[in-house]
Structures are given as C-alpha cells and as structure tokens.
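Topology and contacts: notes
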Amino acid sequence: MTESVRKLRQKKRIQTNILIRMVLSLIITSSINISLSILVLHLGNVTQWGWVLNVLSFLLTPLFLVIFVFTFFTLTRGIVRDLISLEQGLQIIAEGNLDYRVSVAREDELGRVALNINRMAERLEQQIVKEREVEKSKMEMITGISHDLRTPLTSIIGYIELLRTESYQDQEEYTRFIQNTYNKAIHLKKLLDDLFEYTRLTSVDSRLILERSDLSQLLNQLLFEFEPIAQENNVHLVKDITNGPIIALIDNEKIARAIDNLLMNALKYSLKPGSICIRMITEPEQCILEVENKGTPLSKDQEKRLFERFYKVDHSRKSEGIQTGAGLGLSIARNIAELHQGTLSLEHNHDIFTFRLRLPFHERL
C-alpha cells in the first residue's frame, strides 16, 4: 500500500467517524424534538391551551439547535479529551521529559497517533543515549590513542636524548640504544597503521577490492611467515588445513590483515610454552577459519568487551617480549569479516579460546 493511499484511507476514516457522530446527534435531536412536539400537542388538545402550539412553533428551531449541539458535544467529548491529552503529552515531551508516555486507550487514528508519539519519545531517548555513548566513546578513544602513542614516543625521545648526549658506555650499548629506538618506532608505526585501518574500515566510503582467491593458499602463506615468530615465543603451531584449493570472492589484503590479527592475538595471550591450533573447515555455503589457544580465563564482562575498539584486557594476560597494540586488532578483524558479509565470534570455555571467522562463498557482494 502506497503512502498516498494510506493517507487517503485515514482521512476517510476520520471523516466517517465525525459524520457518524453528527448523524447520531441529528437522530437523537430529531427524536427528542418529535417527542416533545407530540407531548406539547397532546397537552394543548387536552387542556385547550392553543397558545402552547403558537409558542412551540417559535421555540422548535432554537430548541433543536441547542439539543443538537449538546448531543454532538457529548458524543465527541471523548475525542476532545484525548486530543487535549495528546497536546499536553507533546508539550511535556517537547520540554525535555522523554520518559513521559501518552496514555490514550483507543484503537482508531487517535490511538495510533498516541502510539507514534510514544515511539517518537522512545526513539529520541534512545538517540540521546546513543549520542552520549558515542561522545563517551570518542573521549575514551582520544584517551586511548594519547596513552598508546605517548608510551613508545616517550621511549624514542629518551633513547634519542641518550644518543644525542653520548650517554652510552661502549659501542655495544650504542648499538642496543639504536635497536631499541628502531623497535619503538616500528611499534609506533604499527599503532598508527591500526588506527588508520580502523578509521578506514568504519567509514561509509570503505570499499573492498574483491577477487577470486584461494583461502587455503593465503592461510598457508601467512602461517609460513608467522611460524618463526611463534617459535621465538615458545609456541607451537598445530595446523588442520584442507590440501585442496578453497576459492572465495575476497579482498586479499584485508582478509590477510584479519587473519594476522587473530594469530597475533592468540600469540600474545597464549600460555607459554603452549600451542595455537589453526583449523579451516569448509561447508556448502561458507568457509570457517578457527584459531584456538589456551590462555588465562576471562570474566563475562571481559569476554563481552573483547571486540570493542581500544579495549585491552588486564596487563597480567600480556605476553612478555611482545609489544602490545592499541586494542584495535580484534575490532578491525570483525569489521573486515562484516564487510565480507561474514562474522567473527569467540567461544570461551574455561581457558580455551576459539575465534571463528566465517566467510560466505558469494559470487558477488
């Protein structure tokens, strides 16, 4: 039903509702007038009061109008009362009391107007709450960025100051200062890259460069590059990947970023020594990548917030020797999955963490 047809039907229903009350008022008024005329005529015949008929002829029309108006007002009193209630409710809501709800127990157009007013107030209230959360999130984001960028930057400035003032004992310490400065600079670059990637993924202009790719080959390549890092941190990789090709329409760069984030997250928070299990499961309509590791259990609140941007769990879960990020890795991975119309979820069972990346086999997105 088009909007114009719906409005036309509503208009006709309102007009019909008013017309019915007018007709009822007319019928009631006519009945009363006829009854009064018969009564007065009868009294005039019985009592021989002819003057009563003369007086009645002059009063009949004004009396009819008075009775009609009174009857019409009586029949429309409920509508007027509800209209006043709607007006007062709108006034209260307009003054800022979004908790107020209009109560009109009707099932006609006025009832629907009251329902829409209540919905409007509820949505405005939700919008205000959402805007406050967004504002709070922005402040947390600024605080998080400032803290995460300041830490490596402070270290870089400190090492450069030591090098500038030649405050080192020998060539070996000089080389160590240079290497530490370089590592902090790389860490700072990674933080900035994560921030840039997150803002790019969450923007409305985010686009995917899709091509038919072999997910199995892509994963094997990423694991080949990741395995030396895992061995350095005393973590063993357990792979369960299909030998044959798994063709899907994906953005290679972004999917590689998502998988790398999952692998680095598992490495950071795995118990050492330990292992990371990587499984690839194919179903008729989707491919599922699982990254599983054993780590320190999370609370329910920590588990719920794990995919929030800039959220990082307690420092006790961090792995020594692995630089921490800005808390954007899992958020970026989930955004990439959703851009591909897939999902990223976590199954947390005691100390076992299983992240599942689901990617559908779409011909086009």
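What comes next is a walk through the structure. (Residues numbered from 1 in each chain as written. Predicted model: local features only at pLDDT ≥ 70, side-chain atom pairs only at ≥ 80, totals over all residues. Heavy atoms only, no water.)

It is worth spelling out the overall build of the protein at this point. Regarding its fold elements, the protein presents nine helices and seven strands. Taken over 365 residues, the protein has a buried fraction of 35%. Look at the contacts in the protein between residues 6 or more apart in sequence, and 71% of them connect residues 24 or more apart. Element-wise, carbon and sulfur atoms account for 58% of the exposed surface of the protein, whose accessible area totals about 23200 Å². (Helix = DSSP H or I, 4+ residues; strand = E, 2+ residues; numbered from the N terminus. Buried < 20%, exposed > 50% of the residue type's maximum accessible area, 1.4 Å probe, protein only. Contact = heavy atoms within 4.5 Å. Areas by Shrake-Rupley, 256 points an atom, 1.4 Å probe, with all protein chains shown as cover.)

On to the pattern of salt bridges. Overall, the coordinates contain ten salt bridges when judged by the stated rule. A salt bridge links glutamate 125 to arginine 101, with the shortest nitrogen-to-oxygen separation between them at 3.3 Å. With a gap of 24 residues between them, glutamate 125 in helix H4 (residues 109-164) and arginine 101 in the loop between helix H3 (77-94) and H4 connect regions that are remote in the sequence. Put simply, arginine 356 and glutamate 290 hold a salt bridge, and the shortest N to O gap is 2.7 Å. Taken together, the residues arginine 356 in strand S7 (residues 352-360) and glutamate 290 in strand S5 (residues 286-294) connect sequence positions 66 residues apart. For the pair formed by arginine 356 and glutamate 290, the shared burial category is buried. Residues joined in a network through salt bridges with shared partners are Arg279, Glu290, Glu292, Glu347 and Arg356. (Salt bridge = Lys/Arg side-chain N within 4 Å of Asp/Glu carboxyl O.)

The subject of this paragraph is a nonpolar patch on the surface. Nonpolar side chains collect at one region of the surface, where Ile18, Leu19, Met22, Val23 and Ile27 lie side by side and expose about 430 Å² of accessible area between them. For isoleucine 18, the position within the fold is in helix H1 (residues 3-47). (Patch = residues over 30% accessible without salt bridge, like charges linked within 9 Å, V, L, I, M, F, W, Y side chains within 5 Å.)

Next up on the list: the side chain of serine 213. Of note, serine 213 is situated in strand S1 (residues 211-214). Overall, the relative accessible area of 7% leaves serine 213 in the buried class. Engagement of the side chain of serine 213 in a polar contact is seen with the side chain of asparagine 252, the distance being 2.7 Å. The contacts of serine 213, once residues within four sequence positions are left out, are Ile246, Ile247, Ala248, Ile250 and Asn252. (Polar contact = N/O pair within 3.5 Å; in protein donor to acceptor, adjacent residues only side chain to side chain.)

Relative to the assigned elements, phenylalanine 353 resides in strand S7. Exposure remark for phenylalanine 353: the relative accessible area of 2% places this residue in the buried category. Considered as a pair, phenylalanine 353 and threonine 296 are 57 residues apart in the sequence and their alpha carbons are 9.3 Å apart.

Turning our eyes to something else, we now look at the sheet that holds S5. One open sheet accounts for five strands, arranged S2-S4-S5-S7-S6; its pairing is mixed. The open sheet has two free edges, formed respectively by strand S2 (235-240) and strand S6 (343-349), since each of these has just one partner strand. Direction aside, the axes of adjacent strands within the sheet are offset by 15° on average. Inspection of the sheet shows S5 paired to S7 by nine bridges, in the antiparallel sense. By the bridge assignment for S7, valine 291 is matched with phenylalanine 355. (Pairing = 2+ DSSP bridges. Axes fitted to C-alpha atoms, helices over the stretch in contact; angles between N-to-C directions.)

That bond from lysine 272 to proline 273 is cis: its omega, -10°, falls within 30 degrees of zero. Residue placement: proline 273 occurs in the loop between helix H7 (252-269) and strand S4 (274-282). The backbone of glutamate 166 shows a phi angle near 55°, a positive value even though the residue is not glycine. Topologically, glutamate 166 is positioned in the loop between H4 and helix H5 (171-202). Backbone geometry places asparagine 234, a non-glycine residue, at a positive phi of 60°. You can see asparagine 234 is positioned in the loop between helix H6 (215-232) and S2. Accessibility expressed as a relative area gives 46% for asparagine 234, which makes it partly exposed.

The next thing to look at is H3. With 18 residues, H3 extends 26 Å from end C-alpha to end C-alpha; this agrees with the ideal 26 Å at 1.5 Å per step. What H3 keeps buried is the set Gly78, Ile79, Asp82, Ser85, Leu86, Gly89 and Ile93. Within H3, the buried residues cover an arc of 120° as seen down the axis, which keeps them to one side. Exposed residues on H3 whose side chains face more than 90 degrees from its buried face are Arg77, Arg81 and Ala94. (Expected span 1.5 Å × (residues − 1). Arc of directions from axis to C-beta.)

Between H6 and H7, the shortest axis-to-axis distance is 10 Å and the interhelical angle comes to 35°. Like other packed secondary-structure pairs, H6 and H7 cross with a definite hand, here right-handed. Here Leu215, Leu218, Leu219, Leu222, Leu223, Phe226, Ile229 and Ala230 of H6 lie close against H7, whose contacting residues are Asn252, Ile255, Ala256, Ile259, Leu263, Met264 and Leu267. Looking at the contact of H6 with H7, its residues break down into 14 nonpolar, one polar and no charged. (Left-handed = near helix turned anticlockwise from the far one by under 90°. Nonpolar A, V, L, I, M, F, W, Y, C, P; charged D, E, K, R; others polar.)

Helix length check: H7, at 18 residues, gives a terminal C-alpha distance of 26 Å against a target of 26 Å (1.5 Å per residue), a fit within 8%. Judged by how many residues are buried, H7 sits mostly within the fold: 13 of 18 residues are covered. At the N-terminal end of H7, a side-chain oxygen is found 3.2 Å from the backbone nitrogen of glutamate 253, two or three residues along, and the residue is aspartate 251.

This part covers the environment of leucine 306. Note on placement: leucine 306 falls in the loop between helix H8 (300-305) and helix H9 (329-339). Overall, the relative accessible area of 11% leaves leucine 306 in the buried class. Residues leucine 306 and leucine 328, 22 residues apart in the sequence, show an inter-C-alpha distance of 9.9 Å.

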